[in-house]
Amino acid sequence: SLPLYDSINIIPGFLDLTHVQNTGAAFGILNAADFPYKPAVMIGIAAIALVAIAAYGTQLGFHERLARFGLSLILGGAFGNLIDRAIAGHVVDFVDVYWGNSHFWAFNVADAAITAGAVLVLLDMIGLGRQHASHTV
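All chains use their own residue numbering, which begins from 1 and follows the written sequence. Totals for whole chains, interfaces and linings use all residues, but because this is a predicted model, local features are given only for residues with pLDDT of at least 70 and pairs of side-chain atoms are given and counted only at 80 or more. As a rule here, side-chain values come from all non-hydrogen atoms in the structure, and water together with hydrogens is ignored.

### Here we look at helix 2 (residues 65-88)
The end-to-end C-alpha distance of helix 2, which contains 24 residues, comes to 34 Å, matching closely the 34 Å that a straight helix rising 1.5 Å per residue would cover. Turning to helix 2, its buried residues number three or more, namely Ala67, Gly70, Leu71, Ile74, Gly77, Ala78, Asn81, Leu82 and Arg85. We call two residues in contact when some of their heavy atoms are within 4.5 Å. Starting at the N terminus, helices and strands are each numbered in turn, a helix being any DSSP run of H or I of at least four residues and a strand any DSSP run of E of at least two. On its buried face, helix 2 is in contact with strand 2 (15-22), helix 1 (38-58), strand 3 (91-99) and helix 3 (109-125). Positive backbone phi, approximately 85°, marks Gly89, located one or two places after helix 2. Expected helix span is taken as 1.5 Å per residue step, with the number of steps being one fewer than the number of residues. Partly exposed describes any residue whose relative accessible area lies between the buried limit of under 20% and the exposed limit of over 50%, with all areas from a 1.4 Å probe on protein chains only and scaled to the type maximum.

Structure (structure tokens):
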């Protein structure tokens, strides 16, 4: 119910809730770009990414739990954003984090899940969280 571009201060000097509509990709990339069929292109790219991520997930072994959980977060967040894009033509971003005059891009819960999932996949890639056969009972 917050009007577009209005904010509510939650933690002074750090966090606001701000209504922003993102027609671009994650973190506002391509948000300012305007080109023919942009909504369809963004939906197509997101759909291809979902298929690629799901295909990658089928290649993971059971012992790669961190990566599997990370991919679950990525897929859930990406699918949520895809639904918003398909229905509304944009994603509503509302978490506005800043420190002084430095602002991070506004984001939503789905973006946070995608980011956390990517970190977990990267941690798995470097070997954190894996249980090796010699350590199992």
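Having seen the model, we can carry on.
### A short note on the packing of aromatic side chains
Each Phe, Tyr or Trp ring (for Trp, its six-membered ring) is paired with any other whose centre lies within 6.5 Å, and the angle between the two planes then decides the class: stacked below 30 degrees, edge-to-face above 60, tilted in between. All told, the structure shown has 2 aromatic pairs when counted by the stated rule. On the basis of an interplanar angle of 70° and a centroid distance of 5.3 Å, the ring pair of Phe104 and Trp105 is categorised as edge-to-face. Ring geometry for Phe104 and Phe107: centres 6.0 Å apart, planes at 80°, overall edge-to-face. For Phe104, a relative accessible area of 39% gives the class partly exposed. On the basis of relative accessible area, Phe107 is assigned to the buried category, the value being 16%. Among the aromatic residues, those joined into a ring-pair cluster are Phe104, Trp105 and Phe107.

These results come straight from atomic positions and should not be treated as a statement about function.
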